[in-house]
Amino acid sequence: MSRPANPVEYAVAVDRFLSASTLGAGSRRVYRIALTTWAWAMVDRTPPLGGRRRNAPPPTVPLALLDTPHAAARLRDAFAGRAAAVGPRTANRELSILTAALRWWREQGWLTADPAAGLRRLPVAQRADAETRLDAGRARAVLELPAPLREQTFWHLLYETGATIERALALDVAELDLPARRTREHNTPHLRWGDGTAALLPLLTLGRVDGPLFRTGRGRLSYRRAAEIFTTATRPLDPRGHGWTLRQLASAERPVGQHPGAAPES
């Protein structure tokens with residue numbers, strides 16, 4: 001069976017890459033936004049920021065621009081510009097997504113060059129939260145809070161996997177392999193969880209086969225709302241009375257011998 005003809009437009013190549021992946025709907029949306037952002041770089045234009053980026057019609061560009069002698073320099077400048085605009089953490093994530101797409105397009109024979117070959121992930125400065133890192137005892141106290149099932153599951157997943165908050169919130173039910181205690185995501189390391197998350201996930205997903213894992217009555221749980229709930233819930237535990245952050249939980253100390261992805265001690 002012959003392969004489909006090479007796509008002329010970059011946007012079509014993005015569609016085919018995402019269609020061929022095993023990403024859930026939430027992760028696919030994140031990938032599409034990142035790849036659309038790179039389209040602006042290919043024509044030496046700066047992408048809009050924030051919500052305007054999601055709603056702005058991207059430029060129509062040929063995929064072949066990635067095979068031109070100028071492509072590497074354009075991507076290099078765009079990467080530096082994105083890091084300055086949104087920070088190295090977000091820029092690094094967008095670079096990883098582009099690298100995965102470029103690799104797949106080359107495997108299809110649609111590109112011959114790798115214009116991102118010279119780009120390297122930027123160092124990410126330690127957050128201020130690291131100065132008040134939660135110890136294992138405080139992390140356990142958080143996980144024992146009498147919170148709703150959604151929050152209990154989300155907090156356990158963050159602590160046991162060490163995943164970024166963004167990635168955890170983007171998970172869909174269809175991406176979970178509950179018996180194996182891991183995700184089914186494509187082109188990215190799997191998330192693996194321990195006993196706490198394994199006990200809660202079947203209850204949270206009961207009767208559901210797709211859609212956002214962490215949802216509200218109107219859709220997917222947002223970062224802002226998840227952060228507000230966590231900080232409010234942890235105020236009684238914080239000696240300062242301010243409450244802690246989700247990032248502090250994700251980077252919290254674990255018992256000796258335990259690492260992200262391993263089950264916590266009982």
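Because the structure is predicted, anything quoted here is derived from the model rather than measured. Every chain begins its residue count from 1, and numbering advances along the sequence as written. The predicted origin of the model limits local features to residues at a pLDDT of at least 70 and limits the giving and counting of side-chain atom pairs to 80 or more, whereas totals for whole chains, interfaces and linings rest on all residues. Hydrogens are left out, water is left out, and the side-chain values use all remaining heavy atoms of the structure.

## Comments concerning the confidence of the model for the protein
Note the cut-off: On a scale of 0 to 100, pLDDT captures the predictor's confidence in every residue. A run of DSSP states H or I qualifies as a helix once it reaches four residues; a run of E qualifies as a strand once it reaches two. Both are numbered from the N-terminal end. Every residue pair with non-hydrogen atoms within 4.5 Å of one another is taken to be in contact.
Looking at the protein as a whole, its pLDDT mean stands at 84, while 86% of the residues score no less than 70. Mean pLDDT across the elements of the protein ranges from a minimum in helix α3 (residues 51–55), with 58, to a maximum in helix α9 (residues 195–204), with 96. Segment residues 262–266 is flagged for pLDDT under 50; beyond a separation of four residues in sequence, or across chains, it makes 13 contacts in the model.

## A few points about unusual backbone geometry
Basically, it comes down to this: Using a 1.4 Å probe on the protein chains alone, a residue whose accessible area is under 20% of its type maximum counts as buried, one over 50% counts as exposed, and one in between counts as partly exposed.
Phi angles above zero are rare outside glycine, and R181 is one such case at about 55°. Residue classification places R181 among the partly exposed positions, given a relative accessible area of 31%.

## Topic: the packing of helix α4 (residues 71–86) against helix α5 (residues 88–107)
Where we set the bar: Here an angle of 0 to 180 degrees is reported between the N-to-C directions of two axes, which are lines fitted to C-alpha atoms, with helices fitted over the stretch in contact.
Axis separation between α4 and α5 bottoms out at 7 Å; the angle between their running directions is 145°. For the pair α4 and α5, the contacting residues are L75, F79, R82, A83 and V86 in the first and P88, T90, A91, N92, E94, L95 and L98 in the second.

## Here's the deal with the pattern of salt bridges
Here is the rule: The salt bridge definition used is simple: a Lys or Arg side-chain nitrogen within 4 Å of an Asp or Glu carboxyl oxygen.
The final tally for this structure, using the stated rule, is 10 salt bridges. The partner of E94 in a salt bridge is R82, with the nearest N and O atoms 2.7 Å apart. Note that E94 is positioned in helix α5 and R82 in helix α4, a separation of 12 residues in sequence. According to the relative accessible area criterion, E94 is buried, its value standing at 4%. Among the ionic pairs, R225 bridges to E228, the shortest N-O distance being 3.5 Å. A residue pair is termed a helical-turn pair when its members lie 3 or 4 positions apart in one helix, as R225 and E228 do in helix α10 (residues 223–234) at 3 residues. Residue class for R225 comes out partly exposed when judged on its relative accessible area of 43%. Look at E228 and you get partly exposed, because its relative accessible area is 34%. Through salt bridges with shared partners, a single network forms among R224, R225 and E228.

## Looking at the packing of aromatic side chains
The description of two aromatic rings rests on the distance between their centres and on the angle between their planes. Which entries qualify depends on this criterion: The criterion for an aromatic pair is that two Phe, Tyr or Trp rings (for Trp, the six-membered ring) have centres within 6.5 Å, with stacked assigned to planes under 30 degrees apart, edge-to-face to planes over 60 apart and tilted to the rest.
Counted by the stated rule, this structure contains 7 aromatic pairs. When the ring of F17 is compared with that of W105, the centres are 6.4 Å apart and the planes differ by 70°; the resulting orientation is edge-to-face. Note that F17 is positioned in helix α1 (residues 10–20) and W105 in helix α5, a separation of 88 residues in sequence. Residue W105 is classed as buried on the basis of its relative accessible area of 0%. Three or more aromatic residues link up through ring pairs in this structure, and these residues are Y10, F17, Y31, W104, W105 and W110.

## Remarks on the side chain of N92
Summarising the element assignment, N92 is placed in helix α5. N92 gets classed as buried once you look at its relative accessible area, which sits at 1%. Beyond its immediate chain neighbours, meaning those up to four positions away, N92 contacts F79, R121, L122 and V124.

## Observations regarding the packing of helix α7 (residues 149–161) against α9
Here is the rule: By convention the crossing between two helices is left-handed if the near helix lies anticlockwise of the far one by an angle smaller than a right angle, and right-handed if it lies clockwise. Residue polarity is assigned by list, with Asp, Glu, Lys and Arg as charged and Ala, Val, Leu, Ile, Met, Phe, Trp, Tyr, Cys and Pro as nonpolar; anything else, Gly included, falls into the polar class.
The interhelical angle for the contact between α7 and α9, taken along N-to-C directions, is 145°, at an axis separation of 9 Å. Where α7 crosses over α9, the handedness of that crossing is left-handed. Residue-level contacts link L149, R150, Q152, T153, H156, L157 and E160 of α7 to D195, G196, T197, L200, L201, L203 and L204 of α9. Taken together, the residues of the contact of α7 with α9 sort by class into 6 nonpolar, 5 polar and 3 charged.

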